[in-house]
Amino acid sequence: MKTVAKPKTVYVCGNCGYESIKWYGKCPSCGEFSAMVEETRLPEPLPGKAGKRGGGVLQHAAPLSSDTYYGDEENRITTGLSELDRVFGGGMVKGSVTLLGGDPGIGKSTLLLQICETLGKTQKVLYVSGEESRRQIKMRAVRLGVTTENLLLLTDTELQAVDLAIENIKPDIVFIDSIQTMYNSELSSLPGNPSQIRDCAASLIATAKAREISIVFIGHMNKEGTIAGPKMLEHIVDTVLYFEGDKNLTYRIIRAVKNRFGSTNEIGIFEMGEEGLVEVPNPSAALLAGRPENVAGTCMVCVYEGTRPILAEVQGLINQTYLGTARRMANGIDYNRLTMLLAVLEKRTGLKLSTCDAYCNVIGGLKLTEPSSDLAAVLACASSYFDKPVAENLIAFGEVGLVGELRSVRNVAARVSEAMRLGYSKFIIPFANRPKREIEGATIYAVKNIGEAIEIAIGPSEKPEQDK
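Residues take numbers from 1 onward in each chain, read along the sequence in its written order. The predicted nature of this model means local features are confined to residues of pLDDT at least 70 and side-chain atom pairs, given and counted, to a pLDDT of 80 or more, with totals for whole chains, interfaces and linings taken over all residues. Side-chain numbers come from the whole structure's heavy atoms, not from hydrogens or water.

(A) Structural context of the overall build of the chain. Helix and strand counts for the chain stand at 11 helices and 23 strands. A 1.4 Å probe rolled over the protein chains alone gives each residue an accessible area, and that area as a share of the maximum for its type sets the label: buried under 20%, exposed over 50%, partly exposed in between. Across the 468 residues that make up the chain, the buried fraction comes to 47%. We call two residues in contact when some of their heavy atoms are within 4.5 Å. Counting contacts in the chain only where the partners sit at least 6 residues apart, residues at least 24 apart contribute 67% of the total. On the chain, roughly 23500 Å² of surface is accessible, and the fraction owed to carbon and sulfur atoms is 51%. Segments assigned H or I by DSSP are reported as helices when at least four residues long, segments assigned E as strands when at least two residues long, and all are numbered from the N terminus. In these tables, accessible area is a Shrake-Rupley quantity obtained with a 1.4 Å probe, and a residue counts as shielded only by the protein chains included in the view.

(B) Seen up close, the pairing of strand β10 (residues 214-219). Burial runs high along β10: 6 of the 6 residues are buried. The two faces of β10 match: S214, V216 and I218 on one face and I215, F217 and G219 on the other face are all buried. Strand pairing requires that DSSP identify at least two bridges connecting the strands. Note: strand β6 (residues 97-102) against β10, 5 bridges, orientation parallel. Residue pairing for β10: L100 is matched across the bridge by I218. Bridge analysis of strand β9 (residues 173-177) against β10 gives 5 bridges, and the strand direction is parallel.

(C) Expanded view of the packing of aromatic side chains. Aromatic contacts are taken between Phe, Tyr and Trp rings whose centres are within 6.5 Å, Trp giving its six-membered ring; a plane angle under 30 degrees counts as stacked, one over 60 as edge-to-face, and the others as tilted. Throughout the structure, instances matching the rule amount to 2 aromatic pairs. Measuring from ring centre to ring centre gives 6.2 Å for Y127 and F175, while their planes differ by 85°; the resulting arrangement is edge-to-face. One end of the pair, Y127, is in strand β7 (residues 125-129); the other, F175, is in strand β9, with 48 residues separating them in the sequence. Look at Y385 and F386: their rings are 5.3 Å apart centre to centre, the planes differ by 90°, and that puts the pair in the edge-to-face class. Each member of the pair Y385 and F386 is classed as buried. The ring of F397 has R415 lying over it, and the distance from NZ or CZ to the ring centre is 5.4 Å. Taking NZ or CZ as reference, K448 lies 4.8 Å from the ring centre of F431, over its face. Note on geometry: a ring has a charge over it if NZ (lysine) or CZ (arginine) is within 6 Å of the ring centre and within 35 degrees of the ring normal.

(D) Broad picture of the layout of surface pockets. Buried and open spaces are told apart on a 1 Å grid over the protein atoms alone, a cavity being a set of points where a 1.4 Å probe fits but cannot get out and a pocket being an open set with protein on both sides within 12 Å along at least five of seven lines. Residues with an atom within 4 Å of a point are the lining residues. Grid points are joined across faces, edges and corners, and a volume is the space filled by probe spheres set on the points. Looking at the second largest pocket, its volume works out to about 640 Å³. E244, G245, R255, G365 and K367 are the residues nearest the centre of the second largest pocket, which is lined by 30 residues in total. Elements with a contribution of two residues or more to the lining of the second largest pocket: β11 (239-244), β12 (251-259), β15 (298-305), β17 (328-331) and β18 (356-362). Classes in brief: Ala, Val, Leu, Ile, Met, Phe, Trp, Tyr, Cys and Pro nonpolar; Asp, Glu, Lys and Arg charged; the others, Gly included, polar. By residue class, the composition of the lining of the second largest pocket is 11 nonpolar, 11 polar and 8 charged.

(E) Seen up close, the pairing of β17. Sheet topology note: the β17/β18 ladder contains 4 bridges and is parallel. Note on β18: the bridge partner recorded for N331 is N361. The handedness rule is simple: strands pointing away from the viewer, and a clockwise path from the first strand over the helix to the second, make the crossover right-handed. For the crossover from β17 across helix α8 (residues 335-349) to β18, the handedness is left-handed.

(F) Fine view of the packing of helix α9 (residues 374-386) against helix α11 (residues 450-458). In this analysis an axis means a line fitted to C-alpha atoms, helices contributing only their contacting stretch, and an angle means the value between N-to-C directions, from 0 to 180 degrees. Running from N to C, α9 and α11 cross one another at 60°; their axes reach a closest spacing of 10 Å. What the angle tells us is that α9 and α11 run oblique. Read as a crossing pair, α9 and α11 show a hand that is right-handed. From α9, L375, V378, L379, A382, S383 and F386 reach across to α11, where they touch I450, A453, I454, A457 and I458. Class assignment of the residues belonging to the contact of α9 with α11 gives a composition of 10 nonpolar, 1 polar and no charged. Should an angle fall under 35 degrees it is called roughly parallel, over 145 degrees roughly antiparallel, and 65 to 115 degrees roughly perpendicular, with every other angle called oblique. Handedness of each helix crossing follows the sense of rotation of the near helix against the far helix: counterclockwise by less than a right angle gives left-handed, clockwise gives right-handed.

(G) Summary view of the environment of T298. Take T298: it is sitting in strand β15. Excluding residues that lie within four positions of it along the chain, T298 makes contacts with R291, E313, V314, Q315, A380, S383 and V390. In protein, a polar contact requires one atom able to donate a hydrogen and another able to accept it; more generally it is a pair of N or O atoms within 3.5 Å, and residues adjacent in sequence count only if both atoms are side-chain atoms. Here the side chain of T298 touches E313 through a polar contact of 2.9 Å, side chain to side chain.

(H) Up close: the pattern of salt bridges. Just to be clear on terms, a salt bridge is a Lys or Arg side-chain nitrogen sitting within 4 Å of an Asp or Glu carboxyl oxygen. Applying the stated criterion across every chain yields a total of 15 salt bridges. With its nearest N and O atoms 4.0 Å apart, the salt bridge here joins D172 to K94. Taken together, the positions of D172 in the loop between α4 (159-169) and β9 and K94 in the loop between β5 (92-93) and β6 put the pair 78 residues apart, joining distant regions of the chain. Accessibility expressed as a relative area gives 25% for K94, which makes it partly exposed. In this structure, E244 engages R255 in a salt bridge whose closest nitrogen and oxygen atoms are separated by 3.0 Å.

(I) A look at the confidence of the model for the chain. The predictor reports its confidence for every residue as pLDDT, a score running from 0 up to 100. The share of residues in the chain with pLDDT of 70 or more is 90%, and the mean pLDDT across the chain is 87. Ranking the elements of the chain by mean pLDDT puts strand β3 (residues 36-41) last with 76 and strand β20 (residues 399-400) first with 97. pLDDT under 50 marks residues 48-58. Its contacts with residues more than four places away, or in other chains, come to 20 contacts.

So this is what it looks like as structure tokens:
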């Protein structure tokens, strides 16, 4: 009598992908509560038998000699937006798979539809939408001025329908909006389940590699600020891009957190307008627009993002607390980093910050991850504490250590040159980065610790009345 293999039930963590034959309230791998989801696995086909899709004997690629591909150059496709091409590393690579994540309403669908006008001149684009109807997409396309005939729309969420469309149309580029809405009818789980996301993504990636098709997935964000679904999704794609910025503000930032074909330090800055996303070719000038003068609690910094320096304004507010515990808030810089800098500032300079509320903000929605912004945050908080403004036309950058010392940073000459182009002439830098020769038109203060930096930036100051 012939035995038929039965489907197997497993429990998979939606946060880390951990699998188990029994259910846990807390994932043994990542510690996430209520993350284990039941999945039904179909039996794997035997070797030489028909696969899950395809209806024939499984085909395997033959190994190739290294001489056949070492000489090939990357075939990049220009998107029409130089800021986006910069993040990609020079353009979208043919046959690559990109994952674009961001908060709802930040402009992910708008960006992909907007670049279709340029891509449609040389490429055939298939836009698969599982969230909007053809009428909704058409209305947005008219608003964005997308009129290319090489843009084909498909409003379906079934993986088999997408595979069939790719087989018939043979597009060069495919946009999936979004990967969380796609589902494979051969699986019993619901759309959005980790097994559905993993299976649909793996199938589409295999299609992209076999047919040399560039595919872009739009990914939903969860409450933790990461892309929803199994973490494996970010591992199997070639490029992971994050759309940053508050949707209530005008500026949007695209940052690459993974890129197999370029740098992960590049960012692209856009401004949301009535006609879609507009590139910001000079982000430093845009972020400095409207900066107040002669006001305490603000300091300028020049950070390095990828291959270009960008000026940003760091604001600090120190106020006497009337609660039992002082409050700390950070926007644009790491909260734990700010807490450490305030502790160093109190320990090494004697400021009584433990009895004060402290707030730190970076203007324009920019997120500063480089340690060179430490000194600007310290000076902004010290300026607010003494209620004395930082010296006019001054830029400060440097990493702050736990003993209050300033550590060296990279590309000092490029930072100084960018700041001088925008009218700044005074610079506080780490002593280890002091220039070997004088820079014409620039006043350089090379300091060893934050105490010297505060004295130069805001001058000798008496302590407030509550500290006397």
